[in-house]
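# Structural description and commentary
Listed here are the chains, written in short residue letters.
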Amino acid sequence: MPQVDKPLAELLTYQGRNPCPPDLDSFWDRSVAEMHALGTACELVPAAVTARHAECFDLYFTGVGGARVHAKYLRPKNSRIRHPAVVLFHGYSGNSGDWFEKLAWLNEGCCVAALDCRGQGGFSEDVGGVKGPTLRGHIIRGLALEQPPEKLLYRDIFLDTAQLARIVMGLPEVDGTRVGATGGSQGGALTLACAALEPSIKLAAPIFPFLCDYRRVWEMDLAKDAYEELRTYFRHFDPLHQQEEALFTRLGYIDCQFLAKRIRATVLMAVGLMDTVCPPSTQFAAYNKITAPKELAIYPDFGHEGLPGLSDRIRSFMTGL
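Our subject in this report is the structure included herewith. (Residues numbered from 1 in each chain as written. Predicted model: local features only at pLDDT ≥ 70, side-chain atom pairs only at ≥ 80, totals over all residues. Heavy atoms only, no water.)

### Remarks on the overall build of the protein
Under the convention used in this document: What counts as a helix is a DSSP run of H or I of at least four residues, what counts as a strand is a run of E of at least two, and both are numbered from the N terminus. Put simply, the radius of gyration uses C-alpha atoms, and a globule should come to 2.2 Å times the residue count raised to 0.38. The classification of residues rests on relative accessible area computed with a 1.4 Å probe and restricted to protein chains. Under 20% of the type maximum is buried, over 50% is exposed, and intermediate values are partly exposed. It only takes one pair of heavy atoms within 4.5 Å for two residues to be counted as in contact. Note on areas: Shrake-Rupley with a 1.4 Å probe; residue coverage comes only from the protein chains shown.
The helix and strand inventory of the protein stands at 11 helices and 11 strands. Taking 2.2 N^0.38 as the reference for a compact globule, 321 residues should give roughly 20 Å; the C-alpha atoms of the protein span a radius of gyration of 19 Å, in line with that estimate. On the principal axes, the C-alpha backbone points of the protein span a range of 60 × 45 × 30 Å. Put simply, the protein has 321 residues, and 58% of those count as buried. Long-range pairs, those at least 24 residues apart, make up 73% of the contacts in the protein with a sequence separation of at least 6. Summing over all exposed atoms, the protein offers an accessible surface of approximately 13100 Å²; the carbon and sulfur share of this is 51%.

### A few points about the pairing of strand E2 (residues 54–62)
Using the following cut-off: A pair of strands is considered paired only if DSSP assigns at least 2 bridges between the two.
Across the 9 residues that make up E2, a large majority, 7, are buried. As judged from the 4 bridges shared by strand E1 (residues 43–46) and E2, these two strands associate in the antiparallel manner. Directly across from Val 45, in E2, lies its bridge partner Asp 58. Relative to strand E3 (residues 68–76), E2 is paired through 9 bridges, and the arrangement is antiparallel. The partner of Ala 54 across the bridge, within E3, is Pro 76. Taking the residues that link successive antiparallel strands as the turn, the E2-E3 hairpin has 5 residues, and the phi of Gly 65 there is positive, at about 80°.

### Let's talk about the side chain of Lys 102
So the rule is basically this: Throughout this description, a polar contact denotes any pair of N or O atoms lying within 3.5 Å of each other; where both atoms belong to protein, one of them has to be capable of donating a hydrogen while the other can accept it, and for residues adjacent in sequence the pair is counted only when both atoms sit in side chains.
Position of Lys 102 relative to the elements: it lies in the loop between strand E4 (83–89) and helix H3 (103–107). In terms of polar contacts, Lys 102 uses its side chain to reach the backbone carbonyl oxygen of Ser 96, at 2.6 Å. Setting aside residues up to four positions removed in sequence, Lys 102 forms contacts with Leu 74, Leu 88, Ser 96, Gly 97, Val 112 and Ala 114.

### Considerations on the pattern of salt bridges
As a reminder, the rule being used: Salt bridges are defined as contacts in which a side-chain nitrogen from Lys or Arg sits within 4 Å of a carboxyl oxygen from Asp or Glu.
Within the structure shown, the criterion is met by 21 salt bridges. A salt bridge links Arg 30 to Glu 150; its shortest N-O distance comes to 3.1 Å. With Arg 30 in helix H2 (residues 24–36) and Glu 150 in the loop between strand E7 (130–131) and helix H4 (153–169), this pair connects stretches of sequence that are 120 residues apart. Judged by relative accessible area, Arg 30 falls into the partly exposed class, the value being 44%. A single salt-bridge network, built from bridges that share partners, covers Glu 34, Arg 118, Arg 155, Asp 156 and Asp 160.

### Some thoughts on helix H10 (residues 280–287)
With respect to burial, H10 is a largely interior element, 8 of its 8 residues being buried. Looking at H10, one finds that the buried residues are Pro 280, Ser 281, Thr 282, Gln 283, Phe 284, Ala 285, Ala 286 and Tyr 287.

### Here's the deal with the sheet that holds strand E11 (residues 294–299)
Just so we agree on the cut-off: Axis lines are fitted to C-alpha atoms, over the contacting stretch for helices. Their N-to-C directions set the angle, which ranges from 0 to 180 degrees.
Taking strand neighbours across the sheet as the criterion, the 9 strands line up as E1-E2-E3-E5-E4-E8-E9-E10-E11 in an open arrangement whose pairing is mixed. Each of the sheet's edge strands pairs with one partner strand only, and the pair in question is E1 and E11. Across this sheet, the average inter-strand angle for adjacent strands is 20°, counted without regard to direction. Note that E3 and strand E5 (residues 111–115) share 4 bridges and pair antiparallel. Counted as the bridge partner of Tyr 73 is Ala 113 from E5. Contacting E4, strand E8 (174–184) and strand E9 (203–207), helix H5 (residues 186–197) crosses the sheet at an angle of about 150° to E8. Here H10 sits on the sheet and contacts strand E10 (266–272) and E11; the angle it forms with E10, its principal contact strand, is near 170°.

### Concerning the packing of aromatic side chains
Going by this rule: Aromatic contacts are taken between Phe, Tyr and Trp rings whose centres are within 6.5 Å, Trp giving its six-membered ring; a plane angle under 30 degrees counts as stacked, one over 60 as edge-to-face, and the others as tilted. Any Lys NZ or Arg CZ found within 6 Å of a ring centre and within 35 degrees of that ring's normal is scored as a charge over the ring.
Evaluated as defined, the whole model comprises 13 aromatic pairs. Relative to Trp 28, the ring of Phe 27 has its centre 5.2 Å away and its plane inclined at 85°; by these criteria the two rings are edge-to-face. Taking the relative accessible area as the measure of exposure, Trp 28 reaches 0% and is therefore buried. Cluster of aromatic residues (ring-pair linked, three or more members): Phe 27, Trp 28, Tyr 92, Tyr 154, Phe 158, Phe 210, Tyr 214, Tyr 227 and Tyr 253. Sitting over the face of the ring of Tyr 60, Arg 68 holds its NZ or CZ atom 4.0 Å from the ring centroid. The lysine or arginine in question, Lys 72, covers the ring of Trp 99, its NZ or CZ lying 5.5 Å from the ring centre.

### A few points about the nonpolar core
To be explicit about the condition: By nonpolar core we mean a set of buried residues, namely Ala, Val, Leu, Ile, Met, Phe, Trp, Tyr and Cys, connected to one another through side-chain atoms within 4.5 Å.
In terms of nonpolar packing, the biggest core is built from 88 residues, with Ile 139, Tyr 154, Phe 158, Leu 164, Phe 210, Leu 211 and Tyr 214 touching the most fellow members. Counting residues per element, this core draws most heavily on H4, at 11 residues. Ignoring any residue separated from it by four or fewer positions in sequence, one finds Ile 139 in contact with Tyr 92, Leu 152, Tyr 154, Phe 210, Leu 211, Tyr 214, Ala 226, Tyr 227, Glu 229, Leu 230, Leu 251 and Ile 254. Leu 74, Cys 110, Leu 203 and Met 318 belong to the second largest nonpolar core, which has 27 residues in total.

### Some thoughts on the packing of helix H7 (residues 228–237) against helix H8 (residues 244–251)
Where we set the bar: It is the rotation of the near helix from the far one that decides the hand of a crossing: anticlockwise by less than a right angle makes it left-handed, clockwise makes it right-handed. The classification used treats Ala, Val, Leu, Ile, Met, Phe, Trp, Tyr, Cys and Pro as nonpolar, Asp, Glu, Lys and Arg as charged, and all other residues, Gly among them, as polar.
Remark: H7 packs on H8, axes separated minimally by 12 Å, with the N-to-C direction vectors making an angle of 145°. Between H7 and H8 lies a crossing of right-handed hand. Side by side, H7 and H8 meet where Leu 230, Tyr 233 and Phe 234 of the first sit next to Glu 244, Leu 247, Phe 248 and Leu 251 of the second. Here the contact of H7 with H8 is built from residues that sort into 6 nonpolar, no polar and 1 charged.

What follows is the structure in structure tokens.
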């Protein structure tokens, strides 16, 4: 079988190349405590769109750093029971998508929330001074070593995922013990982060997750496409790679492989073995560190693209909520 990465037998035991910061656990414990202190207050604004069997809202909350964060939220209309819920996360530089795309979850009896990531293609605020988009550069935002790792933008985005999940769990129409999360690429990474930072997530279905094992991406000469900003950063700010070890260690704070051990949800993860955007080994570095119940859907001939049958499999998986 052709391959762009390690043989499958090696992938199944691969543990990653990126260095882990020695204070990673305390860093995230402090960060989660900061997010928890904000509470679960939100504003639900009826959306202009209407649907026959759903109520549609623009949901706003205040995230860490004071950012106004937006998500689309839909719930079954005229229901008097508590429902399971699914939290959705989009790809890099994208947005929460169309309302219509969410209605299939309503047909399954679920409430659904879809996050707009800060500074990307939706309506969430980038507290650097603008409301979206700032397009790319989010991996390296805050990477400069003269500032603390709390300045990493993805730290705030990871916390937004968990805060949104907590908000949804607290809504009166939601059964907070029956909440799942899913998304692809960046959305896959955010699914892992959400499940790691909000341990009450019951089911998680990450699809070819981004933001894993940065050094491995670099060593494979795949710092392009979604990871291109790694190359750009070195070329502009460390052309002799004198700070390489320290910079990759800094990126370890936002490396999903090191959050994976915190996950308590049951996980269904999908990977394409021909993926040259998010190399399979980087994804396995995260998957292999998950200690919760897990299963893997492996697509040998597919890359960073639609995976046949996966939506149906995730739908079946989420019936476990």
